[in-house]
Amino acid sequence: MALAENELSFQEKVDQDIRIEPKDWMPDAYRKTLIRQISQHAHSEIVGMLPEANWITRAPSLKRKATLIAKVQDEAGHGLYLYSAAETMGISREEMVDQLLSGKAKYSSIFNYPTITWADMGAIGWLVDGAAIMNQVPLCRASYGPYARAMVRICKEESFHQRQGFEILLVLSKGSEAQRRMCQDAIDRWWWPSVMMFGPNDEASPHTAQSMRWKIKRFTNDELRQRFIDVCAEQVKLLGMRLPDDLLKWNEERQHYDFGPIDWEELRQVISGNGPCNKERLAARVQAHADGAWVREAAMAHAGKRAQRAAPDQYKVA
Ligand code: BYC
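About the thresholds
Throughout this description, residue numbers start from 1 for each chain and increase along the sequence as written. Since the coordinates come from a predicted model, pLDDT governs what is reported: local features require at least 70, and pairs of side-chain atoms require 80 or more to be given and counted, while whole-chain, interface and lining totals use all residues. In computing side-chain properties, one takes all heavy atoms of the structure into account and sets aside hydrogens as well as water. Working definition of a nonpolar core: buried Ala, Val, Leu, Ile, Met, Phe, Trp, Tyr and Cys residues. They are joined through side-chain atoms within 4.5 Å. Only protein chains enter the accessibility calculation, which uses a 1.4 Å probe; a residue is then buried when its area is under 20% of its type maximum, exposed when over 50%, and partly exposed in between. Whether two residues are in contact is decided by their heavy atoms: any pair within 4.5 Å suffices. Any residue with at least one heavy atom within 4 Å of a molecule or strand is counted as near it. Side-chain atoms alone can form a polar contact between residues adjacent in sequence; in general such a contact is a pair of N or O atoms within 3.5 Å, and within protein one must be able to donate a hydrogen while the other accepts it. Areas reported here follow the Shrake-Rupley algorithm with a probe of radius 1.4 Å; residue values treat only the protein chains shown as occluding. Think of it as three bins: nonpolar holds Ala, Val, Leu, Ile, Met, Phe, Trp, Tyr, Cys and Pro, charged holds Asp, Glu, Lys and Arg, and polar takes everything else, Gly as well. Under the DSSP-based scheme used, a helix requires at least four consecutive residues in state H or I and a strand at least two consecutive residues in state E, with every element numbered from the N terminus. One fewer than the residue count of a helix, multiplied by 1.5 Å, yields its expected span.

Novice: Please explain the nonpolar core as it appears in this structure.
Specialist: Side chains that are nonpolar tend, in soluble globular proteins, to be buried together. One finds Tyr-30, Trp-126, Tyr-147, Trp-190, Trp-191 and Phe-228 to be the most contacted residues of the largest nonpolar core, which totals 78 residues. Non-local contacts of Trp-190, meaning those with residues more than four positions away in its chain, are made with Ile-110, Tyr-113, Pro-114, Thr-115, Asp-120, Ala-123, Ile-124, Leu-127 and Val-128.

This is the structure in structure tokens:
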């Protein structure tokens, strides 16, 4: 009975757009859903550094190198805000990292594709960050306070990344024949994986309906995907390029672009570990974690010394 009352008043708060904060009562399933979504998102930011880091040493100019380094650093920051937001729900950072490194936790499918040419840095910025923004701006209004607040800063930085990526493609699109080909090839390879980033279609999505009731999600996967396609179908014209979809066509009646069928089997394969780079990405994270062990140990030793110095005399160890 007490639980039902709690749940009722929780849902009332959500319905009235009153933010839920860490010390407030919340249903266990709400907590679990948020830990799942926020930690998956954090892992995506961390794994998302890998495909781009691949181009830091090969960026075509010092300016491009500096901007790419800054972008990759931003992604690390996003991962840290998100791990912190998830920690407010009672899970530790170590547990989340363990889940990633053991292959138990998911991260976004998109980061299991290879970055083959410099144009891929542009396509990732324009399409992948573009899809991320479309998905994440509504999360700034998510019902859970620490998540929503983390998303505000993340979205500002992602917008900058998106423009930076578009500008890379714009320069290539005005370049030589070979540069134009490279630009189109990157768009061809990144388009469908970006469309899939929004997740399964609404009928096949197990979490959307409940997450909408809890106002974690404000729009469904398909609604956000459609908005993304509508925006990109116009922006690609500015590049003088095309999206690789022969069925893409403005539908006057729907006031949206129609688009071709999505290869859901490809998404399923990539999510279940069989994408082109899944094994490589996980191996790189496992190696990075092992290489960083001495830093964690040094930080713990330093923190221990500081705590001892700050402790009253009677607690000090000789
Ligand atoms: N990849 O019922 P659904 C970024 C999973 S951007 C892998 O729709 P939900 C970045 C889903 O987790 C990318 N897995 O679930 C950008 C669930 O599995 P579990 C990260 C996916 O949670 C640029 C199952 O499929 N952004 O980081 O309601 C540069 C059923 O799906 C994918 C976020 O994470 C996928 N594409 O909706 C650097 C944003 N799609 O958990 C970095 C926050 C679905 O039952 N997250 N799955 O085993 C969200 O908005 C939602 O979690 C999703 C999925 C829309 C992704």
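Novice: Looking at this model, I keep getting lost on the site of the ligand. Mind explaining?
Specialist: In the region of the ligand, 31 residues are neighbours, and Gln-40, Lys-106, Ser-205, His-207 and Lys-217 sit closest. At 2.8 Å from a nitrogen atom of the ligand is found a main-chain nitrogen or oxygen belonging to Ser-109. Contact distances for the ligand include 2.7 Å between an oxygen atom and a side-chain N or O atom of Ser-205. Within the complex, the protein chains bury 91% of what would otherwise be the 1,000 Å² of accessible surface of the ligand. A breakdown of the residues in the shell around the ligand according to their chemical character gives twelve nonpolar, twelve polar and seven charged.

Novice: Whenever I open this one, helix 10 (residues 221-239) confuses me. Can you help?
Specialist: With 19 residues, helix 10 should cover 27 Å at 1.5 Å per step; its first-to-last C-alpha distance of 27 Å lies within 8% of that length. Of the residues making up helix 10, those classed as buried are Asn-221, Leu-224, Arg-225, Gln-226, Phe-228, Ile-229, Asp-230, Cys-232, Ala-233, Val-236 and Leu-239. Against helix 6 (119-136), helix 7 (145-173), helix 8 (177-196), helix 9 (208-213), strand 2 (256-258) and helix 11 (264-274) lie the buried residues of helix 10. Immediately downstream of helix 10, the backbone of Gly-240 shows phi near 65°, a positive value.

Novice: What's the story with the environment of Arg-242 in this structure? I'm lost.
Specialist: By the element assignment, Arg-242 lies in the loop between helix 10 and strand 1 (249-251). On the accessibility criterion, Arg-242 (41% relative accessible area) is partly exposed. Expressed as a C-alpha distance, the spacing of Arg-242 and Glu-52, which sit 190 residues apart in the sequence, is 23 Å. Setting aside residues up to four positions removed in sequence, Arg-242 forms contacts with Gln-184, Ile-187, Asp-188 and Val-236.

Novice: Can you help me understand unusual backbone geometry in this one?
Specialist: Excluding glycine, a negative phi dihedral is what most residues carry, and trans is how most peptide bonds are arranged. Even without a glycine there, the phi angle at Lys-215 is positive, about 55°. Within the secondary structure, Lys-215 is located in the loop between helix 9 and helix 10. With relative accessibility at 17%, the residue Lys-215 sits in the buried group.

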